[in-house]
Amino acid sequence: MKRKDIKVLLVDDEVKFADTLAQRLQMRDLKVGTAYDGDQALSKVKEEEPDVMVLDLKMPGMHGMEVLREIRKAYPDMQVIILTGHGTDKDEEEAKRLGGFDYMKKPADIDHLEQKIKKAFKEKVERAMTAIAFAEEGEFDTARGIMKDEEN
Amino acid sequence: MEDKNNEDLRFLQLNFIGRILAGFTHEIKNYIAIIKESAGLMGDMMKAGKSGKEESRQYLEIIASIEEQIERTMELFRHLNRFAHKMDTPLASFNVNDGMEELLALLNRSANQRKIILEKDFQKDLPLIQSDPSMLQFLVFCFIQEKLDTLDKNSKIILKTTLINGTVTITIIPHGTSIEAAVKGLCTPEIYDYVMKQLGGEIIHKKEDQGTQITLPLSIPEIFSGVGG
């Protein structure tokens, strides 16, 4: 599978930051879209169905945690990596409790972020394959639970 | 009672300083992140061997962006430096507009988060006043914070300075819908009164849409008389 098949949505209210980071990730063969606030992020998720979201916390209007909560409810198979300049230990705990895949602080190393995105996508694919295996055995509830990532 | 007010005030002032610093560090981290990514993008493009007229134009744009972020960072440091030095002396001659400008710059991000606009309406050429610049900034911060906590998004807060009947007047005027908030601002009415007593002025609470007015005398307040040379 080519890396350009990994769809990423970058959500950050600092437009310059989001656009520049998107360009850098695109040069690393990822397919990257951007959103500049929580409401825009939720609309773009419907349109673009990203595999991985890279999400800031402190944004005007809808806070990143609220976006994370909505995404986990409506799109449980989507992986969310928090990337924030604000973060406290409490925020990190809360993000992980809500099912965030990982939590990183700005400024982040691009190679490290790329690795996290690939790892998040790999986990998503593995989960899907495990669910398929259970479904093939007729264990549909288990399969459904795995797709909903009910352990997190 | 005086000791309790003093203690409460000290706690609230530390809270105020903490909030200002937290906002500042968050803002700075964002600017540095943009600088890092911009420099990184140039590096990525050079490693990929991108050169040519179009790429040169892009490189110049990226350099301009880096310069812009550095200037934003320096501007914020200037505000923070002035904010910190206000605490050097409890009595100083100063222009109210400078302190208010600084407060708006430091509160800008917090207001943006809530989608509330902070607007200034400063009378030019206000005479200098003699007062405690740090305490005044704290007081105005408390009033603005209360409005930030109790106004709905897409609202506006106007910070106005005028000279009326020989007194410098600061007015905080909210425009927007009020909301129920779990936490409403930082200070209690007792603390407002206690601070105002030290500043030697008066607080006038007007009707909801006309805001809160703080009037400050131009002369040295009685409390400071006999101090200094």
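On a predicted model such as this, the values are computed, not experimentally measured, just so you know.

Conventions adopted
Residues numbered from 1 in each chain as written. Chains lettered and ligands numbered in written order. Predicted model: local features only at pLDDT ≥ 70, side-chain atom pairs only at ≥ 80, totals over all residues. Helix = DSSP H or I, 4+ residues; strand = E, 2+ residues; numbered from the N terminus. Buried ≥ 20, exposed ≤ 12 C-beta atoms within 10 Å, placed from the backbone. Contact = placed C-beta atoms within 7 Å. Nonpolar A, V, L, I, M, F, W, Y, C, P; charged D, E, K, R; others polar. Domains from an automatic or database assignment.

Q: Break down the overall build of chain A for me, citing the residues and quoting the values.
A: Along its length, chain A carries six helices and five strands. Along its sequence from the N terminus, chain A presents helices and strands in the succession β-α-β-α-β-α-β-α-β-α-α. Along the three orthogonal principal directions, the C-alpha set of chain A runs to about 50 × 35 × 30 Å. Each of the 152 residues in chain A was classed as buried or not, and the buried ones make up 37%.

Q: Would you mind going over the interface of chain B and chain A in detail, with residue names and values included?
A: On the chain A side, the residues contacting the 18 residues of chain B number 16 residues. Elements with a minimum of two residues in the side of chain B that touches chain A: helix H1 (2-47) and helix H3 (96-113) of chain B. Top contributing element to the side of chain B that touches chain A by residue count: H1(B), with 12 residues. Split by residue class, the side of chain B that touches chain A holds five nonpolar, seven polar and six charged.

Q: So what about the domain arrangement of chain B? Which residues, and what values?
A: Put simply, an interface is often sized by how much accessible area is lost when its parts join up. Residue and element names in this part refer to chain B. Annotation of chain B at the domain level lists domain 1 (20-85) and domain 2 (90-224). Each of domain 1 and domain 2 has a C-alpha centre, and these two points are 33 Å apart. Residue-level contacts link eight residues of domain 1 with five residues of domain 2. Listed by contribution, the elements that provide at least two residues to the side of domain 1 that touches domain 2 are H1 and helix H2 (53-85). The biggest single contributor to the side of domain 1 that touches domain 2 is H1, with five residues. Residues belonging to the side of domain 1 that touches domain 2 are distributed by class as follows: three nonpolar, three polar and two charged.

Q: Please set out unusual backbone geometry residue by residue, giving values where relevant.
A: Residues and elements named next belong to chain A. Residue Pro107 is reached from Lys106 by a cis peptide bond, and omega for that bond is -10 degrees. Tracing the backbone through its elements, the reader meets Pro107 in the loop between strand E5 (102-105) and helix H5 (110-136). Backbone geometry places Asp29, a non-glycine residue, at a positive phi of 70 degrees. Structurally, Asp29 is set in the loop between helix H1 (15-26) and strand E2 (31-35).

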